[in-house]
Amino acid sequence: MRLVLFGGTFDPIHRGHLAIASAAADAFGLDTVLFAPAGRQPLKLEGTPTPFSDRMAMVELACRSDVRFSASALDAPHEDGSANYTVDTIAALIRERPGDQIFMLAGADSFLDLPRWREPERLLRLAEWIVVSRPGFSLDEFKGLPLPAGRVHRLESVHEDVSATELREKLERGEDCSALVPGAVLEYVLSRGLYRGAGSGSEVH
Ligand code: ATP
């Protein structure tokens, strides 16, 4: 099986995430895209994310749109509150699925940040990467690390100018976001009162 690990905060999951997942699955003949919301993202410690259970529930709802999409709790919060590192997650996934070919999926902005991640060289060795275009970020600006030949695949066909930050701001202002998130996710957000005001729906893990 050809499988890609797609990590992120997914706070909330939006059209950009789904677009890069389906573009990657189409272009690389992937059987499964594993969406794995991060319990505690070490590079995004400035804000308190929406509880993992809500982010996971929204990912599960969004994954219903494509049979290749699947929600994964592989990156669930650790009991001791420590950060989730992608290098540990991918290593665990590889151990669990020895017969599968496993890729990593990231948007251009995340990949440009790779030198700041834990053990970036090992991350590049452990899996082939699919890096998808994101408006405002150019992979030509990547620096700080030699990229191993043939292990980082660029997919430049996605041009979705949407971010979770912008989405949270719109939701907080009560703006219509139906074009930016799947209907079931929007219903979940509204029914749970997420993103309504500073601090609402948040908890410390
Ligand atoms: P935030 O605005 O809160 O930082 P985000 O929209 O960047 O959130 P994340 O959950 O942090 O969403 O992203 C998870 C992954 O999806 C990352 O690899 C990111 O690069 C990628 N991604 C998110 N939005 C897009 C987009 N519009 N186009 C391409 N890649 C994207």
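Definitions and limits used
Residues numbered from 1 in each chain as written. Predicted model: local features only at pLDDT ≥ 70, side-chain atom pairs only at ≥ 80, totals over all residues. Heavy atoms only, no water. Near = heavy atom within 4 Å. Polar contact = N/O pair within 3.5 Å; in protein donor to acceptor, adjacent residues only side chain to side chain. Areas by Shrake-Rupley, 256 points an atom, 1.4 Å probe, with all protein chains shown as cover. Helix = DSSP H or I, 4+ residues; strand = E, 2+ residues; numbered from the N terminus. Expected span 1.5 Å × (residues − 1). Buried < 20%, exposed > 50% of the residue type's maximum accessible area, 1.4 Å probe, protein only. Pairing = 2+ DSSP bridges. Axes fitted to C-alpha atoms, helices over the stretch in contact; angles between N-to-C directions. Contact = heavy atoms within 4.5 Å.

(A) Representation of the site of the ligand within the structure. In the vicinity of the ligand, 22 residues are found, and the nearest of them are K44, D109, E160, A164 and T165. Take R134: an N or O atom from its side chain is 2.8 Å from an oxygen atom of the ligand. At 2.8 Å from an oxygen atom of the ligand is found a main-chain nitrogen or oxygen belonging to A164. Alone, the ligand offers 610 Å² of accessible surface; in the complex the protein occludes 92% of this. Mapped onto the shell around the ligand, the elements with two or more residues apiece are β1 (2–8), α1 (15–28), β4 (101–107), α4 (108–112) and α6 (164–172).

(B) Representation of α1. Look at α1: 20 Å from first C-alpha to last across 14 residues, which is about the 20 Å you get at 1.5 Å a residue. Within α1, 10 of the 14 residues are buried, which leaves it mostly tucked inside the rest of the structure. Here α1 has its buried residues at G16, H17, L18, A19, I20, A21, A23, A24, A25 and F28. One or two residues past the end of α1 sits G29, with phi positive at roughly 55°.

(C) Quick peek at the sheet that holds strand β2 (residues 32–37). Read from one edge to the other, the open sheet built from 6 strands follows the order β3-β2-β1-β4-β5-β6, with strand pairing classed as parallel. The sheet terminates laterally at β3 (69–71) and β6 (152–155), the two strands that pair on one side only. Within this sheet the neighbouring strands show an average axis-to-axis angle of 25°, counted without direction. Here β2 pairs with β3 via 3 bridges, running parallel. Bridge pairing in β3 places F35 opposite A71. The strands that helix α3 (residues 86–96) touches are β1, β2 and β4; relative to β4, the one it contacts most, it runs at about 155°.

No statement about biological role is implied by the geometric values presented.
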